[in-house]
Every structure is written in structure tokens, then in C-alpha cells.
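Geometric and topological summary
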Amino acid sequence: MDKFEHTTVLLHEAVSGLAVKKNGVYVDCTLGGGGHSKQILNALSANGHLYAFDQDQTAIDFNQGELAFALKEKKLTFIQANFRELKKQLSHHGIDRLDGVLYDLGVSSPQFDNAQRGFSYRYDAPLDMRMNQAQSLDAKQIVNEWSYAELVRIFFRYGEEKYAKSIARHIEKKRELAKIETTDQLVEIIKEAIPARARRKGGHPAKRVFQAVRIAVNDELGALEESLSQALDMLNVGGRISVITFQSLEDRLVKSMFKEKSQISDLPPGLPVIPKDQLPSYRLVNKKPIKPQLEELTVNHRAHSAKLRIIERIAIK
Ligand SMILES: C[S@@+](CC[C@H](N)C(=O)[O-])C[C@H]1O[C@@H](n2cnc3c(N)ncnc32)[C@H](O)[C@@H]1O
């Protein structure tokens, strides 16, 4: 593959946030077009190493050429797997401690813009939305086989869709007549289920349901929570994790996991000194999330909702 047009978001902020040590062991959990990976690799000496995960084989294929220099220097290993398998996959390479981990969540532009992948409500395509094309669960199965209650739950929870019940009811009715096969069919059903006045505001009427189905197909929040907790465990002292999120559910999850790890646990009131073993093992590098500068926002539309959070390990107990 010679083309993979993805403009990396918060490139410098996310990588400089890792404070890369040149001989360290790093993981890019979301290789994509390789923008962050390349920046990390440039900061590593021949004794450092980067393990780059992507569950989508097309991202790995593209980077075989793009990051060939690092493969040649033997400081890069690709791992085609879900990042929820972080610990297990790295153990196959004899790695159990890390100096830094990066996540740049969501789908890449080529995934989104390739109509056939079925991620976008803008192109008519078979309902798919799998990041890992070898996975069996796809959007068609969710839309045609999940119960009314399960559809309402994901539309509410993952899409924050006000008309979740009405949309789920319309889906139920339509699929009784014939299987719902394409993105256009789903868009039409959503439009019919939403009152005309609501259809005219708040962006594309299918945006929230498509987001919800995509999160469910790829179990995005479950994978993130499992992976982050493994990454936190595997960090060396001084090691850091940078996470870029693009929607509020992901950001809330990262914020609350980082907060929990960097706070003093509940102590009995009136203790004069906090016992050493009760002090947190992590610190937030930035209290507030880092957002792209105006300059980046003007050239990259995808950057608008991006937020970067960074945490550092300060002790191992
Ligand atoms: C936003 S792109 C990353 C872009 C990359 N940072 C760059 O600079 O080009 C996200 C990538 O992560 C991958 N991805 C998302 N969730 C994943 C998961 N749970 N496991 C492995 N890869 C995942 C997607 O397939 C996609 O290629």
C-alpha cells in the first residue's frame, strides 16, 4: 500500500509528553499511519525499541514501507492485535516493563474514508465498521440481531442519542420486513425515526448512532479500560502514558482511571503524616487535558475534539 492519508493529531505534544529515553522500551498502541511511531523512533537509539500495535492489517502493511528504516535498525516490532492484549502480546517478546505507551484512539482517516469499511454515514456501503477485518461481529449483525433493549442501551450510552428508543423501534420494524444491509438504509431509518425539527440541528442525524454502533462493534471502551490498566501496571518509574481521545466517553474513562491512580486512597481522618505506602504511585503530568493549538485546528478538522492526558509513574510498591 503506498497511500495512507492520515494527519497525525497532537504529534509533538503526545510524543514529547512521553519524555522518551533513548534506550527505553515504548509501545504505540495505535499505529495507524505511523505518525506518532515515527516521532518516537526518531528519539530512540539503536538500543531502544518500539512495539507498534494495530488490529488493522492495512495499517501494518503500510508502515512496512513507511518505517522500513527502523525495521532495518531492528528497533521496531509490529504487532497485529487488539491493544487489550498488551501484556500477553508483549510477553511473547519477553517484555514485562515499559518506559512509555501512547494511544491515539478511534479510527484513522483511511478507515473512515474507505467507503467499503462502512464506518461513514456519508458513503453507501455494506454495514461493517470492524477495525479488525478478521473479527466476526460487525455492524450488520448488531443492527439486525441485537434486541430492542440492547440497541437502546448502546444508542443512549455510546451515542448519547436522545431518540434512542424511537430509532431502535424503527430498526425493529424494518428488519422484520427485510435485513438491513447498508449504511444508506440505516441512515434512512434514523431520519424517519427523528422528528423533522431535530433533524435540522446538531450535525448529521446519523452521527450519534453510527458512533454508538462503531463503539459496540469494536468494544472500544472495554478494550481501552483493559489495556490502560495493563499499561499502568507495566510502567517503570519515570515511565509515562499519553492518551489522545476524540469523544467524551473515552475521555471520561481516561480521566477517571488517571485520577484514581494519582490520588491518595481513603485514609482515616486525623492522621498527622500520610504513611509512605499510602502515597500514590502515579502523578498527572497535566492537571487539565492538552488541546490542539489554533494552528493545528485550522489544518486538521479531526483535531477539534482531541484531548491529550498524560500520567507518569513515580513509585513501584
Ligand atoms: C487514529 S488512528 C492512529 C493514527 C496514528 N497515531 C498516526 O499518527 O497515524 C487509530 C488506529 O488505531 C487502531 N486501533 C484502534 N483501536 C484499537 C485497538 N483496540 N487495538 C489495536 N488497534 C486499534 C485503528 O485500527 C487505527 O489504525
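Up top you'll find the structure we're talking about.
Residues numbered from 1 in each chain as written. Predicted model: local features only at pLDDT ≥ 70, side-chain atom pairs only at ≥ 80, totals over all residues. Heavy atoms only, no water.

1. Remarks on the packing of helix α8 (residues 148–159) against helix α9 (residues 164–177)
Interhelical geometry of α8 versus α9 gives an angle of 140° and a closest axis separation of 9 Å. Relative to α9, the element α8 is oriented oblique. Along this stretch, α8 crosses α9, giving a crossing that reads as right-handed. Two secondary-structure elements touch here, α8 through Tyr148, Leu151, Val152, Phe155 and Phe156 and α9 through Ala164, Lys165, Ile167, Ala168, Arg169, Ile171, Glu172 and Arg175. Residues belonging to the contact of α8 with α9 are distributed by class as follows: 9 nonpolar, no polar and 4 charged. (Axes fitted to C-alpha atoms, helices over the stretch in contact; angles between N-to-C directions. Helix = DSSP H or I, 4+ residues; strand = E, 2+ residues; numbered from the N terminus. Parallel < 35°, antiparallel > 145°, perpendicular 65-115°, else oblique. Left-handed = near helix turned anticlockwise from the far one by under 90°. Contact = heavy atoms within 4.5 Å. Nonpolar A, V, L, I, M, F, W, Y, C, P; charged D, E, K, R; others polar.)

2. Notes on the sheet that holds strand β6 (residues 282–284)
In a beta sheet, neighbouring strands pair by backbone hydrogen bonds and run either parallel or antiparallel. Taken together, the 7 strands give an open sheet; going across it, the order is β3-β2-β1-β4-β5-β7-β6, and neighbouring strands pair in mixed fashion. Edge positions in the open sheet fall to β3 (76–79) and β6, since each of these has one partner strand only. When the angles between neighbouring strand axes are averaged without regard to direction, this sheet yields 15°. Of the pairings in the sheet, the one linking strand β5 (residues 235–245) to strand β7 (residues 307–313) comprises 6 bridges and is antiparallel in character. Directly across from Val243, in β7, lies its bridge partner Arg309. Across the face of the sheet, helix α14 (residues 248–262) comes into contact with β5, β6 and β7 while running at roughly 20° to β7. (Pairing = 2+ DSSP bridges.)

3. Some details on the site of the ligand
Neighbouring residues of the ligand: 24 residues in total, closest Thr8, Gly33, Asp54, Asp104 and Gln111. Measuring from a nitrogen atom of the ligand, one finds a side-chain N or O atom of Asn82 at 3.0 Å. Between a nitrogen atom of the ligand and a main-chain N or O atom of Phe83, the distance comes to 2.9 Å. When the free accessible area of the ligand is taken as 600 Å², the share hidden by the protein chains comes to 98%. The class makeup of the residues in the shell around the ligand is 7 nonpolar, 13 polar and 4 charged. (Near = heavy atom within 4 Å. Polar contact = N/O pair within 3.5 Å; in protein donor to acceptor, adjacent residues only side chain to side chain. Areas by Shrake-Rupley, 256 points an atom, 1.4 Å probe, with all protein chains shown as cover.)

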